[in-house]
Amino acid sequence: MSIRVETDDSIDIVDVTDQVAAAVPDIEDGVCTVFVNHTTAAVSINEAEPQLLTDIKQFVETLSASDDWAHDALDGNADAHLRTSLLGRSISVPIRNGELALGTWQSILLIECDGPRTRSLTVTTVPAV
Ligand code: ZN
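Parameters and conventions
- Residues numbered from 1 in each chain as written.
- Predicted model: local features only at pLDDT ≥ 70, side-chain atom pairs only at ≥ 80, totals over all residues.
- Heavy atoms only, no water.
- Helix = DSSP H or I, 4+ residues; strand = E, 2+ residues; numbered from the N terminus.
- Expected span 1.5 Å × (residues − 1).
- Contact = heavy atoms within 4.5 Å.
- Donors = N, O, S within 2.8 Å, 3.2 Å for Na, K, Ca; no water.
- Buried < 20%, exposed > 50% of the residue type's maximum accessible area, 1.4 Å probe, protein only.
- Pairing = 2+ DSSP bridges.
- Axes fitted to C-alpha atoms, helices over the stretch in contact; angles between N-to-C directions.

Here's the deal with helix α2 (residues 50-63)
Relative to the 20 Å expected for 14 residues at 1.5 Å per residue, α2 spans 20 Å between its end C-alpha atoms, a close match to the ideal helical length. In this structure, the buried residues of α2 make contact with β2 (12-15), β4 (41-46), α4 (78-87) and β7 (107-112).

See below:
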């Protein structure tokens, strides 16, 4: 199943936990993976506390300084590609008793590195055997 997400800024964070939970079919136990279908957006799990989200955005900016990257000659967004290479493009979450087994403070976050754009996430679930 795919989820579409609109981002609002060049670097942005969107809490997609509820959308992912809604995409999980009715299985008791298993695993859910969330994969970002892009090269300049990432997915992570962290606390969706507003001040922390501000800190994460600031931190993401420091992951790659604007510089004279070779890829910039093509489309000017090498820093976004480099940032998402470090942040990662998929996560997995256990499913227990029909629910995403996230910790109390854990949320699934789409991290935009070259927005604003419309992004697509693929949610795949595998039942435990
Ligand atoms: Zn590019």
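Here's the deal with the coordination of the zinc ion
Tetrahedral coordination by four donors places them ideally at 109.5 degrees to one another around the metal; octahedral coordination by six donors ideally gives 90 or 180 degrees. In the first shell of the zinc ion, the protein supplies His 71 (NE2), Asp 75 (OD), Asp 75 (OD), Asn 77 (OD1) and His 81 (NE2), at 2.1 to 2.6 Å from the metal. Note on His 71: relative accessible area 29%, which makes it partly exposed. Of the residues examined, Asn 77 reaches a relative accessible area of 7% and is grouped as buried.

Observations concerning the environment of Ser 120
Along the chain, Ser 120 turns up in strand β8 (residues 118-127). Sequence separation between Ser 120 and Arg 4 is 116 residues; the distance between their C-alpha atoms is 4.7 Å. Those residues in contact with Ser 120, other than ones at most four positions away along the chain, are Ser 2, Ile 3, Phe 35, Val 36, Asn 37 and His 38.

Looking at α4
For α4, the full list of buried residues reads Ala 78, Asp 79, Ala 80, Arg 83 and Thr 84. Structurally, α4 contributes buried residues whose contacts are with β4, α2 and α3 (72-75). Just downstream of α4, Gly 88 is the residue with a positive phi angle, here 100 degrees.

Some remarks on the sheet that holds β2
Through backbone hydrogen bonds, the strands of a sheet pair up, either in parallel or in antiparallel fashion. Taking strand neighbours across the sheet as the criterion, the three strands line up as β2-β7-β4 in an open arrangement whose pairing is antiparallel. Two strands lie at the open edges of the sheet, namely β2 and β4, each paired on one side alone. Across this sheet, the average inter-strand angle for adjacent strands is 30 degrees, counted without regard to direction. With six bridges joining them, β4 and β7 adopt antiparallel strand pairing. Paired with Val 43 across the strands is Leu 110, a residue of β7. Helix-sheet contacts for α2 involve β2, β4 and β7, and the interaxial angle to β2 is about 140 degrees.

Notes on the sheet that holds strand β3 (residues 30-36)
Strand order in the open sheet formed by five strands is β1-β8-β3-β5-β6, and the pairing between neighbours is antiparallel. Both edges of this open sheet fall to β1 (2-6) and β6 (99-100), since each of them pairs with a single strand only. As judged from the two bridges shared by strand β5 (residues 90-96) and β6, these two strands associate in the antiparallel manner. The residue of β6 that forms the bridge with Ile 95 is Leu 100.

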